[in-house]
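# Architecture and fold: a report
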Amino acid sequence: MQSSEFSGFYKLPIGKRVAEVREFAGLSDEEAKALSAFSSLDQPTADRMIENVVGTMPLPLGIAVNFRINGIDRLVPMAIEEPSVVAAASNAAKVARIKGGFTAKAGEPVMIGQMQVLGLADAEGAAKKVLAAKARLLEIANACDPVLVKFGGGARDVEARVIATAKGKMLIIHLLVDVRDAMGANAVNTMCEALARPVEEISGGRVLLRIISNLADRRLAKASAVFAKEAIGGEEAVDAIVAAYEFAANDPYRAATHNKGVMNGIDAAAIAAGNDWRALEAGAHAYAARSGRYTSLTTYRKNSDGDLEGEIELPMAVGLVGGATKTHPAAKVCVKILGVKTAGELGEILASVGLAQNFAALRALATEGIQRGHMSLHARNIAVMAGASGELIDRVAARMVEEKKVRVDRAKEILDELRKK
Ligand code: NAD
């Protein structure tokens, strides 16, 4: 097995980084080119993907190194505009490696399709009738997608419940569909569309909405890791991280930012793999509020050895077929680099990346404060904005960080000073 552990990956020139990834993932010439072309999404492909195309919007694509998940080394491509995220994920993965890396598990890939039934005199009675016709409804749903059924997926169950609204009682029907390696939205929506007429006949009501739910709480992924105390600054740092976690667990203002950190990693890896990150975002935040109070997606505790144990659990509606995964040339290469064969494996990696990202942020916040690491990268961007180039970028950035004045006006002054010298 190739190792994902690299020290000083960031110091290599881009060409050498690409060569390392190429070697790791066994990429062909063409694949390496698609990965490193700074605009690998060609015009005809982009024009087919969405409407009114005028161009592409490139994001930096970085590689998070050091990940070991369920005993397998992985390189994780991440597409993101925010500095520090890739470095933080790589650092966290390095710490997790000491105790064996991440353990992750994706559950069955079951998505929920919803149908909203209106105009019922007896909504509870209609619910019973729909449930009694379950076998017929499942048969109709499965007839929509013989390919999914062939791959071992398909509609599995029907559930019904009545909700009270300002417009009266409504019957809400859930169709549970095993979508295998798809994200599943198109597959589930098509089934719900096909069930509208039969549900109307059975219930005597009128079906209004029929659409997938992004609260994919039947399709959860979990990941956990032990972060060795020696690698994070001793038991004091472990205690500080646990205290920082408790803040998020008990305060929604903090939890929102805490979970934003989780999604920094998950979104970036999902975008690189051509997945629908809005669906992941919606699912994650809705799941974080499932108790009625918005809380942390991760949990932390100090174990009996004094090390830090972290865990994450969240909905994971990701796919390897459909969407952009099979059309975007760079996404296809990223999936190859990840080395995943099933959507479940992709979900396990994303959950691990989310935990890694969250751990890195908590550690920085609870120990040195987030700005130090963040600021040095940010300062380089500010230096470029002020007109610095070449080696002047680092010199201007270093001065601003030292002075704790990371601003364009100050960058210009330092730049003038250095140029005069
Ligand atoms: P899709 O319909 O393109 O592909 C899924 C289909 O591929 C299945 O229905 C099946 O017929 C076939 N297939 C072949 N091999 C398979 C395998 N091994 N496992 C499972 N299916 C296999 O894609 P999708 O995943 O149904 O839909 C995803 C897209 O829907 C995303 O691009 C998403 O952005 C979009 N979308 C999302 C929402 C939402 O999240 N609310 C709503 C509408 C659309």
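Let me sum up the structure you'll find in this document. (Residues numbered from 1 in each chain as written. Predicted model: local features only at pLDDT ≥ 70, side-chain atom pairs only at ≥ 80, totals over all residues. Heavy atoms only, no water.)

### Observations regarding the overall build of the chain
Within the chain, the regular secondary structure consists of 17 helices and 10 strands. A compact globule built from 421 residues should have a C-alpha radius of gyration of about 22 Å, and the chain, at 24 Å, falls within 12% of that. Summarising its shape, the C-alpha atoms of the chain cover approximately 85 × 50 × 45 Å along the three principal directions. Here the chain holds 421 residues, and the buried ones make up 49% of them. (Helix = DSSP H or I, 4+ residues; strand = E, 2+ residues; numbered from the N terminus. Rg over C-alpha atoms; globule rule 2.2 N^0.38 Å. Buried < 20%, exposed > 50% of the residue type's maximum accessible area, 1.4 Å probe, protein only.)

### Some thoughts on the site of the ligand
Looking at the ligand, there are 21 residues lining it, with Asp145, Gly184, Ala187, Asn214 and Asp276 nearest. Contact distances for the ligand include 2.9 Å between an oxygen atom and a side-chain N or O atom of asparagine 214. Here the ligand, which alone exposes 870 Å², has 74% of that area covered by the protein. Elements represented by at least two residues in the shell around the ligand include exactly helix 7 (146-150) and helix 8 (185-203). Here the shell around the ligand is composed, by residue class, of 11 nonpolar, 6 polar and 4 charged. (Near = heavy atom within 4 Å. Polar contact = N/O pair within 3.5 Å; in protein donor to acceptor, adjacent residues only side chain to side chain. Areas by Shrake-Rupley, 256 points an atom, 1.4 Å probe, with all protein chains shown as cover. Nonpolar A, V, L, I, M, F, W, Y, C, P; charged D, E, K, R; others polar.)

### Some points on the sheet that holds strand 10 (residues 308-315)
If you walk across this open sheet you meet the 4 strands as 3-8-10-9, and the pairing is antiparallel. Each edge of the open sheet carries a strand with a single partner, namely strand 3 (103-106) and strand 9 (298-302). The average undirected angle you get between the axes of adjacent strands in this sheet is 10 degrees. (Pairing = 2+ DSSP bridges. Axes fitted to C-alpha atoms, helices over the stretch in contact; angles between N-to-C directions.)

### Brief notes about the pattern of salt bridges
Per the counting criterion, the structure on display carries 33 salt bridges. Measuring nitrogen to oxygen at the nearest pair gives 3.5 Å for the salt bridge that ties arginine 97 to glutamate 5. Taken as a pair, arginine 97 in helix 4 (residues 85-98) and glutamate 5 in the segment before helix 1 (14-25) lie far apart in primary sequence, 92 residues in all. Using a relative accessible area of 11% as the deciding quantity, one classes arginine 97 as buried. When the shortest N-O distance is used, the salt bridge between arginine 22 and aspartate 29 registers 2.5 Å. (Salt bridge = Lys/Arg side-chain N within 4 Å of Asp/Glu carboxyl O.)

### Here we look at the environment of isoleucine 271
If you trace the backbone, isoleucine 271 turns up in helix 11 (residues 252-272). A residue is classified by how much of its surface remains accessible, and isoleucine 271, at 26% relative accessible area, is partly exposed. Leave out the neighbours within four places in its chain, and isoleucine 271 touches Leu59, Ala79 and Trp277. (Contact = heavy atoms within 4.5 Å.)

### Let's talk about helix 2 (residues 29-36)
Buried residues of helix 2: Ala32, Ala34 and Leu35, and no others. Mapping the buried residues of helix 2 onto a view down its axis gives an arc of 160 degrees, with all of them on the same face. In helix 2, the exposed positions that point more than 90 degrees away from the buried face belong to Asp29, Glu30 and Lys33. Packed against the buried residues of helix 2 are helix 1, strand 1 (61-69) and helix 13 (329-338). (Arc of directions from axis to C-beta.)

### A short note on the packing of helix 10 (residues 234-250) against helix 11
Across the interface, helix 10 lies against helix 11 with an axial gap of 6 Å and an inter-helix angle of 115 degrees. Here helix 11 runs roughly perpendicular to helix 10, going by the angle between their axes. Classified by chirality, the crossing of helix 11 by helix 10 is left-handed. The residues of helix 11 that touch helix 10, namely those facing Phe247, Ala248 and Asn250, are Pro252, Arg254, Ala255 and His258. (Parallel < 35°, antiparallel > 145°, perpendicular 65-115°, else oblique. Left-handed = near helix turned anticlockwise from the far one by under 90°.)

### Description of helix 17 (residues 408-420)
Taking 1.5 Å of rise per residue, the 13 residues of helix 17 would be expected to cover 18 Å, and the 18 Å separating its terminal C-alpha atoms lies within 8% of that figure. Those residues of helix 17 that sit buried are Arg410, Ala411, Ile414, Leu415 and Leu418. Viewed along the axis of helix 17, the buried residues span an arc of 135 degrees, placing them on a single side of the element. The outward face of helix 17, more than 90 degrees from its buried face, is lined by the exposed residues Arg419 and Lys420. (Expected span 1.5 Å × (residues − 1).)

### Side note on the packing of aromatic side chains
Under the definition given, this model contains 5 aromatic pairs. An angle of 75 degrees between the planes, with centres 6.4 Å apart, marks the rings of phenylalanine 102 and phenylalanine 227 as edge-to-face. Pair noted here: phenylalanine 102 is in the loop between helix 4 and strand 3 and phenylalanine 227 is in strand 8 (residues 220-227), with a separation of 125 residues, a long-range link. Classification of phenylalanine 227 by relative accessible area gives buried; the value is 0%. An aromatic cluster is present here, built from Phe67, Phe102, Phe227 and Phe359 joined pairwise through their rings. Above the ring of tryptophan 277, the side-chain terminus of arginine 278 is found at 4.4 Å from the ring centroid. (Phe/Tyr/Trp six-rings, centres within 6.5 Å; stacked < 30°, edge-to-face > 60°. Lys NZ or Arg CZ within 6 Å of the ring centre and 35° of its normal.)

### Let's talk about the pairing of strand 6 (residues 168-178)
Within strand 6, 9 of the 11 residues are buried, leaving the element largely enclosed by the surrounding structure. Both strand 4 (residues 110-118) and strand 6 contribute to a ladder of 8 bridges, which runs antiparallel. Counted as the bridge partner of valine 117 is leucine 171 from strand 6. The pairing of strand 5 (residues 154-165) with strand 6 spans 11 bridges and is classified as antiparallel. When the sheet's bridge partners are listed, isoleucine 163 is paired in strand 6 with methionine 170. Linking strand 5 back to strand 6 in an antiparallel pair, the connection comprises 2 residues.

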